Amino acid sequence: MTPFFAQIERDLMIAWQNRQDFGVMLIFFVIIIVLFPLAIGSNTAILDPLTVPFIWIAALLSILAGFERLFAQDVRDGWLDQVSLSQLGLGWYALAKAISHWLSTALPLLIMTPLMAVMLNIPSSQFSTLLVALLVGSMGLTLLGVIGAALAEGARRGAALMALLILPLAVPILIFGTLASQSEMGIINPHLMLLCAVFVVLLAIAPLVAASALETGEIESGL
Amino acid sequence: MFDYLANPSRFMRTANRLLLPLVVVSSICAAIGLYLGLFVSPADYQQGDTVRIIYIHVPAAWLALFGYVGLGLCGLFYIVWRHPIADIAARAIAPVGTVFAFLTLVTGALWGKPMWGAWWVWDARLTSMLILFFFYLGFLALSNGFDQAERGSRPAALLALVGMINVPIVKFSVDWWNTLHQPASLIRRGGPAIDSSMLMPLVLMLIAAHTYFAIIVILRMRALLAERRAAALMLRPNSKPFRVLT
Amino acid sequence: MMNETQINARNTHAKKWSPVIGLRIRDLCVLRGMRLVINGLSHQQQPGDIYCLTGPNGAGKSTLLRTIANRLPVARGQISCAVPVVYIGHDDGLSGSISGRQNLTGWAKINGFAYQAAAIDQALDSFATNRFADISIQRLSRGQRRRLALARLKLAPANSLWLLDEPNASLDQATNALLDAAVIAHADSGGMVLAATHFDFAIAASPQIITLPERPE
């Protein structure tokens, strides 16, 4: 397992060096949430039923916004060439990328969520349900982002293309996630089970798809 | 048989032989089907003449789904066996499927306005078709999103495969989310819930639409193959020119 | 379109049973886009051999190295290699945000090579990079980065195959001598070197030359 953890360690070191990036992402998350009440008005009768969907939309957008450069830097540096020759293998590499990306972007966002929930008057009894659903959902979204980033690697207009590829795929996570967060049946509810099932499917296919896409994903350098 | 058809020239020869019969079947079925559907079959006692949209709407919806299955199979063939013909087929199918998905949405909206009083309602089937339409657009954007056209083939094939796994999940999740639509009327246990005077033209239109789909895909594949060969010829001006197969 | 040779070619890196000792390339063809860049190349290399790959720009030197490194698909033919491959390409494979030492340690770990501080120090020493090994890469010059990239060679096992793409392009005279010394030492201990270069390379060991023809276009 040394190669696998070495890749995670490397990515976390790089993320730590560029730590102002996750500050930007957190602010992005907060601003999206703030924009909703500004657009809808301050009437709490209208706002209150919509608060959980706000948080989900904001989380979805800010998690997926961070994926554009996931593999681009490694491709440009030539690190991907080194990885494909190494013991690590591209599948494990993609999984390591997903884990380190989740730790460095989705985790701070989850930590920020209770604060946002307080701001939006979500009853504190609902916090744990929301957080557990967001935890599973953010992991699923991260895997989707890995798929999208690997497929769109090297394409023109990578960011817009990625959004077009990923958003339809994210529909099940959004649906089950918002339902699970608002469930009256406690933390472990049927919607959460379905969300977990989607996550497991993604966990199985994301590394394979990413590895297959990156296998010949070469940039034309010299000849 | 797959090995035999994997050769592009042989594939096109076989496809070309099918072309004429397909055109004949398609035009006869479309003519009879449209006549029966628009003039002979009775108007619905609730929906009136609006119900005749069904003869376009249902075949379009079937083809949008059928096309996506086709894309997924092409993706599988391309990834596993690296058949270039699978890539050509996928690129030929994608725009046709996109148009049929769009047609489904438009006819659905036209049908929905008198029925539900709104052009668009967020019911499960319309929403899944909309998401399928987005999948098609994503496939088109990805397969043409690279500076070298061939670079897009592999990611697009992978996307089609991921979509194959994901489409049923999306469908299920959207059903879970909401369902207001009338239940499926053609294929269900206990026989079709539709009068035979309407079933006949519908079946004819379905045959016409499927054969039409096959014709367009064959013509597009022919054009794409010719385009590739022309490009290859331009890159090798000194090599012996080979016949562009049509 | 898929035939037996193609399947073999794709699997050669995975199969260790092949009777090859060094590197063997048989009738290799590589396509890039729709251009046939390498047409029917055969090459055999034994442990201890140093080969120099020359030819005009666009002859396919980098393509050949990338194909052996399994980064480009083989259109036809076969590549068999029984030893670990180290590839130093145009890009250094170093992340700009972290230091050279961290880059090298990570590289050794994902390859399963020795990554203890002593081994890393020794590798850094061999290309005289100690002075700037702990500064983040983005603050180093092109040549300094190249030296760190080359320091990886010293971490690989003695029998490995080094694929070097223009290794001495941005090196100063002193480092060039270090590289030549490293290459000759590697060959003496049973390793193999295949380098694409336009410059003098390991002259003291009189490397064998492969010249790729210019592509007719």
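Residue numbers here run from 1 along each chain, matching the order of that chain's written sequence. Lettering of chains starts at A and numbering of ligands starts at 1, both following the order in which they are written. Local features in a predicted model are, by the rule used here, given only for residues with pLDDT of at least 70; side-chain atom pairs are given and counted only at 80 or more, and totals for whole chains, interfaces and linings are based on all residues. To get the side-chain values, take all heavy atoms of the structure and skip hydrogens and water.

**Observations regarding the overall build of chain B**
Broken down by element type, chain B carries 7 helices and 0 strands. Only runs of H or I of at least four residues qualify as helices and only runs of E of at least two qualify as strands under DSSP, and these elements are numbered from the N terminus. Start at the N end of chain B and walk to the C end: the helices and strands fall as α-α-α-α-α-α-α. Here chain B holds 246 residues, and 46% of them are scored as buried. Long-range pairs, those at least 24 residues apart, make up 76% of the contacts in chain B with a sequence separation of at least 6. Accessibility throughout is a Shrake-Rupley quantity obtained with a 1.4 Å probe, and a residue counts as covered only by protein chains that appear here. On chain B, roughly 12,400 Å² of surface is accessible, and the fraction owed to carbon and sulfur atoms is 70%. Buried means the residue's accessible area, taken with a 1.4 Å probe over protein chains only, is under 20% of the maximum for its type, while exposed means over 50%, and partly exposed covers the values in between. It only takes one pair of heavy atoms within 4.5 Å for two residues to be counted as in contact.

**Concerning the sheet that holds strand β2 (residues 35-45) of chain C**
Residue and element names in this part refer to chain C. Ordered by their spatial adjacency, 3 strands build an open sheet running β2-β1-β4, and the pairing between neighbours is antiparallel. Each edge of the sheet is formed by a strand with only one pairing partner; in this case those strands are β2 and β4 (76-81). Put simply, the sheet's adjacent strands are angled 25 degrees from each other on average, direction ignored. Relative to β2, strand β1 (residues 23-32) runs antiparallel, the two being bridged by 7 bridges. In the strand pairing of β2, R24 is matched with Q44. Sheet strands touched by helix α2 (residues 61-68): β1, β2 and β4. Its angle to β1, the strand with the most contacts, is close to 115 degrees. DSSP calls a pair of strands paired once it identifies at least 2 bridges connecting them. Interaxial angles span 0 to 180 degrees and are taken between N-to-C directions of axes, which are lines fitted to C-alpha atoms, for helices over the stretch in contact.

**Brief notes about the interface of chain A and chain C**
Listed by partner, the interface residues are 34 residues for chain A and 34 residues for chain C. Salt bridge, as applied in this entry: a Lys or Arg side-chain nitrogen positioned within 4 Å of an Asp or Glu carboxyl oxygen. Between the two partners, chain A and chain C, sit 3 salt bridges. Counting residues per element, the ones that place at least two in the side of chain A that touches chain C are α1 (2-17), α5 (72-77), α6 (79-85) and α11 (190-215) of chain A. Ranked by residues supplied to the side of chain A that touches chain C, first place goes to α1 of chain A with 9 residues.

**Focus on the sheet that holds strand β8 (residues 208-211) of chain C**
Residues and elements named next belong to chain C. The sheet built from 5 strands is open, its strands ordered β5-β6-β7-β3-β8 with parallel pairing. In the strand order of this sheet, the two ends are held by β5 (85-88) and β8, each with one partner. Across the sheet, the mean angle separating the axes of adjacent strands is 15 degrees when strand polarity is ignored. Relative to strand β7 (residues 192-196), strand β6 (residues 161-165) runs parallel, the two being bridged by 5 bridges.

**A closer look at the packing of aromatic side chains**
Two rings belonging to Phe, Tyr or Trp (six-membered ring only in the last case) form a pair when the distance between their centres is within 6.5 Å. Interplanar angles under 30 degrees mark stacking, angles over 60 mark edge-to-face geometry, and anything in between is tilted. A complete count under the given rule lists 15 aromatic pairs over all chains for this structure. Through pairs of rings, three or more aromatic residues link up here, namely F66, F100, Y212 and F213 of chain B. The ring of W79 of chain A has R10 of chain A lying over it, and the distance from NZ or CZ to the ring centre is 3.6 Å. Two conditions define a charge sitting above a ring: the NZ of Lys or the CZ of Arg must be within 6 Å of the ring centre, and it must be within 35 degrees of the ring normal. Across the ring face of Y115 of chain C, the terminal group of K109 of chain C is positioned such that the distance to the ring centre comes to 5.2 Å.

**Quick notes on the domain arrangement of chain C**
Residue and element names in this part refer to chain C. When the domains of chain C are assigned, the result is domain 1 (1-84 + 157-217) and domain 2 (96-156). Listed by partner, the interface residues are 15 residues for domain 1 and 13 residues for domain 2. Here's the idea: put two parts together, see how much 1.4 Å probe accessible area each one loses, and the total over both is what we call buried area. Buried surface at the junction of domain 1 and domain 2, summed over both partners, amounts to about 1,100 Å²; 70% is from carbon and sulfur atoms. Contact with domain 2 buries area across many residues of domain 1, yet P157, W162 and S170 alone supply 37% of it, more than any other trio. Where domain 1 packs against domain 2, one counts 1 salt bridge. In this structure, the salt-bridge partner of R147 is D172, at a minimum N-O distance of 3.9 Å. At the level of elements, β6 and α6 (173-188) are the ones that each hand at least two residues to the side of domain 1 that touches domain 2. As annotated, the domain borders come from an automatic or database domain assignment.

**Observations concerning the side chain of S173 of chain B**
Position of S173 of chain B among the secondary structure elements: in helix α6 (residues 153-177). Assessed through its relative accessible area of 0%, S173 of chain B is described here as buried. Residues within four places of S173 of chain B in sequence aside, it is in contact with V171, P172, I175 and F176 of chain A.

**Remarks on the pattern of salt bridges**
Per the counting criterion, the structure on display carries 15 salt bridges over all chains. Here K97 of chain A and D11 of chain A are joined by a salt bridge, their closest N and O atoms 3.2 Å apart. Highlighted residues: K97 of chain A in helix α7 (residues 90-119) and D11 of chain A in helix α1, separated in sequence by 86 residues. For K97 of chain A, a relative accessible area of 5% gives the class buried. One salt bridge connects D92 of chain C with R142 of chain C, and the closest N-O pair in it is separated by 3.2 Å. Taken together, the residues span a long stretch of sequence, with D92 of chain C in the loop between β5 and α3 (100-111) and R142 of chain C in helix α5 (residues 142-151) at a distance of 50 residues. The class of R142 of chain C is partly exposed, set by a relative accessible area of 44%. The structure contains a network of salt bridges with shared partners spanning D11, D74 and K97 of chain A.

**So, the side chain of T104 of chain B**
Residue and element names in this part refer to chain B. Among the structural elements, T104 can be located in helix α4 (residues 84-116). A distance of 3.4 Å separates the side chain of T104 from the backbone oxygen of A60, its partner in a polar contact. Ignoring sequence-local partners within four residues, the contact set of T104 consists of H57, A60, A61, A64 and M129. Any pair of nitrogen or oxygen atoms within 3.5 Å is treated as a polar contact; in protein, a donor-acceptor pairing is required on top of that, and neighbouring residues in sequence qualify only through side-chain atoms on both sides.

**Quick notes on the packing of helix α8 (residues 127-152) of chain A against α11 of chain A**
All names here are of chain A. Axis separation between α8 and α11 bottoms out at 8 Å; the angle between their running directions is 20 degrees. The angle between α8 and α11 falls in the class roughly parallel. As for how α8 packs across α11, the hand of that crossing is left-handed. Of the residues in α11, those touching α8 at V132, A133, V136, G137, M139, G140, L143, L144, V146, I147, A150 and L151 are L192, L195, C196, F199, L202, L203, I205, A206, V209, A210, A213 and L214. An angle counts as roughly parallel when it lies under 35 degrees, as roughly antiparallel when it exceeds 145, as roughly perpendicular when it falls between 65 and 115, and as oblique in every other case. We call a crossing left-handed when the near helix sits turned anticlockwise from the far one by less than a right angle, and right-handed when that turn is clockwise.

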